[in-house]
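This is what each chain is made of:
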Amino acid sequence: MFSNDTMVALGKAFAPFLLFDPSERFFPVAAEEVLDHESTEPWPDATTHERGTAVLNVARAATVFSDADVVAGAHTPAGHRLTLDANPPNGIGQPFGFDPSVRDVFLDVGGWEDAPDPGDPLAPRFTQGSAAYDDLLFRTLSHQLNPALPIDSPARTPSFTLPRSNQPTVYVECEWAGMYPRQDHDRVTRTGDHPDFPPAIGTSQHSADTVLTDLDTNIALTYYMLYPAMEPSPLVNNDDSRRREGQWEAITVYLRGRPSDHRDEQGRPEFSLEVVEVPPSEAGPGHTEVVGAEARFIAYSRGYDHGADSDSPLKAEVRPLFNVGNSDLAVSTFSNHALAYVTGGTHKNLFSTAAIIHTGDSQPNTTLNPLGGALMGAAGTAAGVCLGLAPPPLTPACIVCLIIAAVVFLIGLILFLLSLFLRDDPPVDEAPDPAGADVARDGGAAALPPGQAQPHRPGVPPSGNGAGMILRFINRFGFDPTPPVAAYPLPRPDVAELPSWWGFVGRWGVRTQNRPATSWDSGTRRTDAFGRSRGYWNTYRLIEFLNAPGRVTDGITA
Amino acid sequence: MNRLVVHHLYARSAFDLSNNRNHGAAMDVTPAAPPYAPSFQFNGGASQVRVASSPTLENIGAVRAVVTFNLDPPGPITRRYNLMEGHLSFALFVGPNGSVTGTILDRDGNWLGATSAAGLVQPGRWYTGEIQHDGINQALIFLDGAPIGANYSVRGPVRSLGPHGLAIGHWPEAPATYTFAGHLREAWLYAYDPFKDANGLLDPCCRDREALDQAAARLRAQGATADQVEQKARDILAFGYDLVAAVRGDDEGATKQQEALAQVAWAAFTQKDQAGYTLALAQLAMLTQSRLGLADMAALRDRQADLLKSLPLPWDELTKLVSALCWDKVGMQPQQLVDVAEHLTRLQGKGPDDV
C-alpha cells in the first residue's frame, strides 16, 4: 500500500539542501505563524499601515482597502486572529469563493507603507507593502540562520498564540504527476478557458478527450517554501525588480514508478514502492534507496516576473536529477538530496552559485524590425505632408505641423505604456522587461534535510548557520485509511497532514496597486482556485523540457 | 518588434515552446521514427495540428511564419499542401506545381501574396518555407532562407486569427482539401508587438515614473479604460502605417527606399543622433512630396487632425511625457529640416561631377 509512512520516507529521502546567499534576510517560515500573527497597531490611527493578519476580498479595480473589505482575521481593534480550521468567521479553510476575473482575495500580513489617506484623491495609495515589518516579524528565525541580522521585533509588538519556530519550514506534497494535466482538463471543461498543458496526440473524432499522459508513471514530490517577502537582489541597481509580500517557491522531484490499476477516489493510481535505509558499510556511507521507483527529474522554481500570478506559467528550470550524459544539465547532490542555491532577495532556486543578468522573456525576431522603424518613416512622411501643403519659407502653422509630425507616433507608444498601467493587474506578457541581476553565492545560511550536515566548499567560510528544516508532509494519495492531520501544532512529527490553509486560493501577501512609480507587486499564491500551484507549473516546465529542441540531441526522455 | 507567439517542435507533442501556451492539438499524426525524427508524419486526410485562437494571436499586424517540412505524397505533387494557415489571416503552402505561396487576407478582403517559381519543392526532401508580411505592403517568401518571391501591393495589416485559429498541415476549415502529406518538423509564428517597441525605447536611466503615474491617475480619474487607451494607441499606429503605405504605393523601389530611410531614422533616434535623424526625416519628407499629390496630402492631414482631437489627454500633457521618458533628446528641428531638404534638392539637380 502507498501508505503515509512511505510518503514520509520519500519526502525525507529527496528533501533538497537550500543554500542561501550570505545577504539573505527572509527564510522559509511556517505558514501557521503567518496566519496566527495579529498586529497591535489600530487601523483607525492616522498613521495606520492596516496590518493584519486578515483575509481581504476586494474588487480588482479597487484603489483603496479598508475594514469593509476584511472577511476574516484581525483588523485591530476589530476582528479576531485567523483560526486554523474551516469554521466561520475566521477559519482560513473557508472557501472564500470569488470570481477571479473581477475580484481578488489576499492575506494582509504587514499592511502597506502608504495606507493613510493623504487627502489628495489622485495620490496613489496601497502601492507598497511593508517589507521592513515582515522582516522584523520573523527576525528570530532569520537571526538564527544569519547572525549578521540582530534580534529585533516590530515597534508595536505583535501578538502570537502559537509557538514560534527558529528553524526553516518546508512542506512536501506528494502527488501523482498525471493529476496536473487532468486538473487542467477539468478546468477547461468547466470554464472553456485556454488549456495550460498540450493535449496528447489524438484523433480528429475525439480531439477533446486527449489528456496528456506522458507523466502518468510519475510521482511528484514538491517541496514548498513560503518566504515572508521577496525583494531585489542586494548587489546591484534593481529598480525594476518587484517586491512582494508572501512568496511561494517550490522544488519538485519526479520519480518514475509502476502505477497499478488500483485507484483512489480521485483517480490516482497506486504505486508499489518501498523506501529502504541502507546503513553505512565499507562499501560506502549510509543512504536511502527507493525500490520500485526511480528519481528522474527535478524542477527548481525561479521566482516571479512582474505581474506573474498562478494563472500563467511560473518560471522553473528542469534537469534530470542524476547522471544523464549531458554535463550541461548536471545537478549537485549529496546522496539523493539536490543542492539548491537560493538567490538573495528574489529566492530563485539555482543549480549552482551564479550571478544572472535577466532581461525578460521576450524573444524578439529582428527580421521584421523595420515595422518599428516604420513609425519613424511615418513621422518623416507626415513632415513631408506638412512641407508639401505649406512649402518654405516656414510659417508658424507649418512649424507646428512638423513638430506634431515628429511627436504623434511617440505619443502612440506612450499610450501603449499607459494602457498597461490602467490594468487592474500588470499583464505578465506585456509588462516592461525586468532589468537587473540575481546573485546566489556560497557561504550563507543553509536549510538542511533531516539528518544532513551543512555542506562546505573548501576555502569559503560560511557566514550563516545551517539549520535542519522542519519537514511537513502532505500526502495527496488516498490509499492510507489514516486520515491526515489538520490540527496544529502537530501531535507528533512525521505525520501526514492536510493543513486547513493548504487550499487557500488567495494571495499570501498584500495586494498592491498597479502603478508605474512603485516597485511592488501583489503577493503570490500557493494555489489558485483550479489547483494551479508551483507543483503544477513545475510539471508544466517538465513537459516543456521534454519537448525542447535540446532533447533531440541529448536523447533524454520521460 | 516581433514576438514569437508559437513555436512547436513535433517530437512528442505540439507543446508551445514560445511560453504563450499556444499548444497544438495534434490529430491523426504519427511521431516519426528515424531518419525522419523528430517530426510528425501527416497522412493526408484528417492529419493536422490545431491551435485555438488566443489573445496572443490577435492583432497580428505583421507576420513571420516558418515551417520545416518534407513533402512526400503518395504520387506526384498535384494539389495544394498547406504548411500553416491562420484562419482568415495568412497562409503558407506548397502549390500543385511545386511552388511555394504565401498570402494574407488583405485590407480589401482578398487573399493576396507572393508565389515562387514552379518546381522548387521536390518530394522527399527537407525544406524550410517562410512567409513574411511587414504589416504595410510587402509580402516576401523564402525557401531555406533564400528569397523566392515578393509582392509589394499586399495591403496590411495582417488580421487577427479567425475563430478556427491556426491550422498546421491542414486547412483551417473542416474539409481535408489541403492536408499536408509527409513530415512536419518545426513551426514558428511571430507577430508584431507594439508594447515591445514601446518598452524597448525606455531608458532605464531616464524614466520619470511619477510623470507616468500622474498621467495614468488622470486617465483613471476621467474614467478612461485600458482598452480605450490601447485602442487609441492602435489608431495612431494604424494611421502611421497608412501614411507609409501611401508613400510606398505598390512600387518596389519606393518601398525599399522608404524602408531603408525609416530604419536610418529609427537608428538615429535610438542613438540620439540629431544630425542623422534630421537627414533621414528630410529624405523621407522629400520622398513623400515626390510620391503624393496635394489632394492625398490634404486627406492625410485632415485624418491626422481628427486623430489629434480624440486623444485621451491634452496634447501638452502628452508631450511632457515625451520629455519625461527622455524621448526628446533628438527631435524635429523645422528650420534644419528645411535647410537639409533644400541642400539635398540642390544636390539632386547637379550631376555627379558637380557635387
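Residues numbered from 1 in each chain as written. Chains lettered and ligands numbered in written order. Predicted model: local features only at pLDDT ≥ 70, side-chain atom pairs only at ≥ 80, totals over all residues.

So, the domain arrangement of chain B
Residue and element names in this part refer to chain B.
Moving on, step 1. We note that the domain assignment places domain 1 (2-194) and domain 2 (202-354) within chain B.
Moving on, step 2. The straight-line distance from the C-alpha centre of domain 1 to that of domain 2 is 34 Å.
Moving on, step 3. Each side of the interface is counted separately: domain 1 has nine residues, and domain 2 has nine residues.
Moving on, step 4. Taken together, the residues of the side of domain 1 that touches domain 2 sort by class into four nonpolar, four polar and one charged. (Domains from an automatic or database assignment. Contact = placed C-beta atoms within 7 Å. Nonpolar A, V, L, I, M, F, W, Y, C, P; charged D, E, K, R; others polar.)

A short note on the domain arrangement of chain A
How big an interface is tends to be stated in terms of the accessible area lost upon association of its parts.
Moving on, step 1. Here the domain parsing of chain A yields domain 1 (4-178 + 213-362 + 433-554) and domain 2 (369-421).
Moving on, step 2. The gap between the C-alpha centroids of domain 1 of chain A and domain 2 of chain A is 49 Å.

Quick word on unusual backbone geometry
All names here are of chain B.
Moving on, step 1. Going from proline 34 to proline 35, the amide bond is cis rather than trans, its omega being 10 degrees.
Moving on, step 2. Its location among the elements puts proline 35 in the loop between β3 (29-31) and β4 (40-43).
Moving on, step 3. Cis geometry is found at the peptide bond from glycine 156 to proline 157, where omega equals 0 degrees.
Moving on, step 4. By the element assignment, proline 157 lies in the loop between β13 (146-151) and β14 (166-168).
Moving on, step 5. Phi angles above zero are rare outside glycine, and lysine 272 is one such case at about 55 degrees.
Moving on, step 6. Judged by the 12 C-beta atoms lying within 10 Å of it, lysine 272 falls in the exposed class. (Helix = DSSP H or I, 4+ residues; strand = E, 2+ residues; numbered from the N terminus. Buried ≥ 20, exposed ≤ 12 C-beta atoms within 10 Å, placed from the backbone.)

A look at the interface of chain A and chain B
Moving on, step 1. At the junction of the two partners, chain A supplies 82 residues and chain B supplies 101 residues.
Moving on, step 2. For the side of chain A that touches chain B, the secondary-structure elements that each account for two or more residues are β19 (364-365), α6 (370-389), α7 (396-421), α8 (534-547) and α9 (550-554) of chain A.
Moving on, step 3. Considered class by class, the residues forming the side of chain A that touches chain B number 52 nonpolar, 20 polar and ten charged.

Looking at the confidence of the model for chain A
Moving on, step 1. Averaged over every residue, the pLDDT of chain A is 91; residues scoring 70 or more account for 92%.
Moving on, step 2. Low pLDDT, under 50, characterises residues 359-366 of chain A; the stretch is placed with 20 contacts to residues that sit more than four places away or in other chains. (pLDDT = per-residue confidence, 0-100.)

Let's talk about the packing of α7 of chain A against helix α7 (residues 315-324) of chain B
Moving on, step 1. At a minimum axis distance of 10 Å, the contact between α7 of chain A and α7 of chain B shows a crossing angle of 80 degrees. Taken as axis vectors, α7 of chain A and α7 of chain B run roughly perpendicular relative to one another. In this structure, α7 of chain A uses Val407, Leu410, Ile411 and Ile414 of chain A to contact α7 of chain B, whose residues at the interface are Leu318, Thr319, Leu321 and Val322 of chain B.
Moving on, step 2. A breakdown of the residues in the contact of α7 of chain A with α7 of chain B according to their chemical character gives seven nonpolar, one polar and no charged. (Axes fitted to C-alpha atoms, helices over the stretch in contact; angles between N-to-C directions. Parallel < 35°, antiparallel > 145°, perpendicular 65-115°, else oblique.)

Some words on the sheet that holds strand β3 (residues 70-75) of chain A
Residue and element names in this part refer to chain A.
Moving on, step 1. Pairing in this open sheet of four strands is antiparallel, and the strands run β4-β3-β2-β5 from one edge to the other. In the strand order of this sheet, the two ends are held by β4 (78-79) and β5 (103-108), each with one partner.
Moving on, step 2. Of the pairings in the sheet, the one linking strand β2 (residues 54-59) to β3 comprises three bridges and is antiparallel in character. By the bridge assignment for β3, alanine 54 is matched with glycine 73. (Pairing = 2+ DSSP bridges.)

Considerations on the confidence of the model for chain B
Moving on, step 1. Model confidence for chain B is summarised by a mean pLDDT of 93, while 98% of its residues fall at 70 or above.
Moving on, step 2. For this predicted complex, the interface confidence reaches an ipTM of 0.91, while the overall pTM sits at 0.94.

A few points about helix α2 (residues 209-221) of chain B
Moving on, step 1. Spanning 13 residues, α2 of chain B covers 18 Å between terminal C-alpha atoms, matching the ideal 18 Å at 1.5 Å per step.
Moving on, step 2. Looking at α2 of chain B, one finds that the buried residues are Leu212, Gln214, Ala215, Ala216, Ala217 and Leu219 of chain B.
Moving on, step 3. For α2 of chain B, the secondary structure elements touched by its buried residues are α7 of chain A together with α3 (226-248) and α7 of chain B.
Moving on, step 4. At the exit of α2 of chain B stands glycine 223 of chain B, carrying a positive phi of roughly 85 degrees. (Expected span 1.5 Å × (residues − 1).)

Examining the sheet that holds strand β13 (residues 293-301) of chain A
Residue and element names in this part refer to chain A.
Moving on, step 1. Reading across the sheet, the six strands line up as β14-β13-β8-β7-β6-β23 and stay open at both edges, with mixed pairing between neighbours. Edge positions in the sheet fall to β14 (316-320) and β23 (470-475), since each has one partner strand and no second. For this sheet, the mean angle separating the axes of adjacent strands, direction not counted, is 25 degrees.
Moving on, step 2. Of the strand pairs in this sheet, strand β6 (residues 169-176) and β23 are connected by six bridges, and their pairing is parallel. When the bridges of β23 are listed, glutamate 173 appears paired with isoleucine 474.
Moving on, step 3. The sheet strands contacting helix α1 (residues 4-13) are β6, β7 (218-230) and β23, and the helix crosses β23 at an angle near 135 degrees.
Moving on, step 4. Sitting on the sheet, α8 touches β6, β7, β8 (244-257), β13 and β14, and the angle it makes with β8 is about 55 degrees.

Section: the packing of α7 of chain A against α3 of chain B
Moving on, step 1. Following both chains from N to C, one finds α7 of chain A and α3 of chain B inclined at 155 degrees, their axes separated by 8 Å at the closest point. Judged on the interaxial angle alone, α3 of chain B and α7 of chain A are roughly antiparallel. By crossing handedness, the relation of α7 of chain A to α3 of chain B is classed as left-handed. When α7 of chain A is examined against α3 of chain B, the residues Val408, Phe409, Ile411, Gly412, Leu415, Phe416, Leu418 and Ser419 of chain A are found in contact with a partner set consisting of Ala226, Val229, Glu230, Lys232, Ala233, Ile236, Leu237 and Gly240 of chain B. (Left-handed = near helix turned anticlockwise from the far one by under 90°.)

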